[in-house]
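Geometric and topological summary
Chain residues, written in single-letter form:
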Amino acid sequence: MSVTTMNSPFLSHMPAKRTRRFSPLTLLAVTLTLVGMLIATLDIRWSLQLVSLGCVYSGALLASMGLAVHLLRGSLAWAADGGMLLGLAALIFSSPFLPASVQDYLEYLMP
């Protein structure tokens, strides 16, 4: 009885699954949300408040889509998306403790 082993150099070089921690979707979501918050703090005109709300809502939507995609792919970028969504939720729920101008803006964020 003989045993045959296969010692091939090709078996040790299997392609590894590499995932990035930050995806372009996550970076776009964070950028949109931060730009929306920056426009809100400048408080220039009421028309820019609409742009600000649009930026924050689109950033939150992209973060939630990114969270679902990254969880399905098994990427580590889900932590960044989930952290951003948790930060937005904490900001909205802590609105009674914030100044009145911030409370007014956060009331517009509530659906």
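Heads up: these notes are all about the structure in this document. (Residues numbered from 1 in each chain as written. Predicted model: local features only at pLDDT ≥ 70, side-chain atom pairs only at ≥ 80, totals over all residues. Heavy atoms only, no water.)

A few words now on the overall build of the chain. Tallying secondary structure elements over the chain gives four helices and zero strands in all. In the chain, the succession of helices and strands from N to C terminus is α-α-α-α. In the chain, buried positions account for 23% of the 111 residues. Long-range pairs, those at least 24 residues apart, make up 60% of the contacts in the chain between residues at least 6 apart in sequence. Put simply, the chain shows about 8300 Å² of open surface, and 70% of that area lies on carbon and sulfur atoms. (Helix = DSSP H or I, 4+ residues; strand = E, 2+ residues; numbered from the N terminus. Buried < 20%, exposed > 50% of the residue type's maximum accessible area, 1.4 Å probe, protein only. Contact = heavy atoms within 4.5 Å. Areas by Shrake-Rupley, 256 points an atom, 1.4 Å probe, with all protein chains shown as cover.)

On to a nonpolar patch on the surface. Where nonpolar side chains cluster on the molecular surface, the patch consists of Leu71, Leu76 and Trp78 and spans about 310 Å² of accessible area. Relative to the assigned elements, Trp78 resides in helix H3 (residues 78–93). Judged by relative accessible area, which is 41%, Trp78 ranks as partly exposed. (Patch = residues over 30% accessible without salt bridge, like charges linked within 9 Å, V, L, I, M, F, W, Y side chains within 5 Å. Salt bridge = Lys/Arg side-chain N within 4 Å of Asp/Glu carboxyl O.)

Within helix H4 (residues 100–109), burial applies to Tyr105, Leu106 and Leu109. Along the axis of H4, the buried positions cluster into a sector of 100°, meaning they face one direction only. Turned more than 90 degrees from where H4 packs its buried face, Ala100, Glu107 and Tyr108 sit exposed. (Arc of directions from axis to C-beta.)

Below, the discussion takes up the nonpolar core. Core analysis: the largest hydrophobic core is formed by eight residues, namely Met37, Ala40, Leu53, Val56, Leu88, Tyr105, Leu106 and Leu109. At the level of secondary structure, the elements contributing two or more residues to this core comprise helix H1 (24–42), helix H2 (46–73) and H4. The element that contributes the greatest number of residues to this core is H4, accounting for three residues. (Core = buried A, V, L, I, M, F, W, Y, C linked by side-chain atoms within 4.5 Å.)

What follows deals with the packing of H1 against H3. It is at 10 Å that the axes of H1 and H3 come closest, and there the two elements cross at 20°. By the angle between their directions, the pair H1 and H3 is classed as roughly parallel. Crossing of H1 over H3 shows left-handed handedness. Between H1 and H3, the residues in contact are Thr26, Ala29, Val30, Thr33 and Met37 and Ala80, Asp81, Met84, Leu88 and Leu91, respectively. (Axes fitted to C-alpha atoms, helices over the stretch in contact; angles between N-to-C directions. Parallel < 35°, antiparallel > 145°, perpendicular 65-115°, else oblique. Left-handed = near helix turned anticlockwise from the far one by under 90°.)

An ideal rise of 1.5 Å per residue puts 22 Å on 16 residues; H3 measures up with 22 Å between its terminal C-alpha atoms. By the burial criterion, the buried members of H3 are Asp81, Gly82, Met84 and Leu88. Buried residues of H3, seen end-on, are gathered within an arc of 160° and therefore sit on one face of the element. Every exposed residue of H3 that faces more than 90 degrees away from the buried side is listed here: Leu86 and Phe93. (Expected span 1.5 Å × (residues − 1).)

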